[in-house]
Amino acid sequence: MLDLRIVTTSLAMLLALVSVALAEPPKDKAPTVVQTTTDARPIRVILPAPWEPTKGQAESVQSSK
C-alpha cells in the first residue's frame, strides 16, 4: 500500500513539473519602462551639520523658552 502511494505521488509531481515546464509565458506583458541616464535625475538629500539643530529640535527649543 505504501509503494502505491509513493508511485502515485511521484507520478503527480512529475506531471506537475512537466506541465509547468511546457506552459507558455503570458503574451500580453506590459512594456518595461527604461530610464536613460539623461532622463534620470540624482536624488539629493541635504542634511544639517552635526552641530546645527534640526528644524524640529530648534522649534521645540524656541517654544520652551
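Residues numbered from 1 in each chain as written. Predicted model: local features only at pLDDT ≥ 70, side-chain atom pairs only at ≥ 80, totals over all residues. Heavy atoms only, no water.

Asks: Account for the overall build of the chain, with residues named and values stated.
Replies: What the chain contains, in helices and strands, is two helices and zero strands. A total of 65 residues make up the chain; the buried ones form 2% of that total. Summing over all exposed atoms, the chain offers an accessible surface of approximately 7,000 Å²; the carbon and sulfur share of this is 65%. (Helix = DSSP H or I, 4+ residues; strand = E, 2+ residues; numbered from the N terminus. Buried < 20%, exposed > 50% of the residue type's maximum accessible area, 1.4 Å probe, protein only. Areas by Shrake-Rupley, 256 points an atom, 1.4 Å probe, with all protein chains shown as cover.)

Asks: Describe helix α1 (residues 2-22), naming the residues involved and giving the relevant values.
Replies: Counted at 1.5 Å a residue, the expected span for α1 with its 21 residues is 30 Å, and the 30 Å between its end C-alpha atoms agrees. By the criterion of burial, α1 is predominantly exposed, with just zero of the 21 residues buried. (Expected span 1.5 Å × (residues − 1).)

Asks: A description of a nonpolar patch on the surface should follow, citing residues and the corresponding values.
Replies: A contiguous nonpolar patch, built from L11, L14, V18 and L22 and spanning about 420 Å² of accessible area, is present on the exposed surface. By relative accessible area, which is 65% here, L22 ends up exposed. (Patch = residues over 30% accessible without salt bridge, like charges linked within 9 Å, V, L, I, M, F, W, Y side chains within 5 Å. Salt bridge = Lys/Arg side-chain N within 4 Å of Asp/Glu carboxyl O.)

Interpretation in functional terms is not warranted from these geometric data alone.
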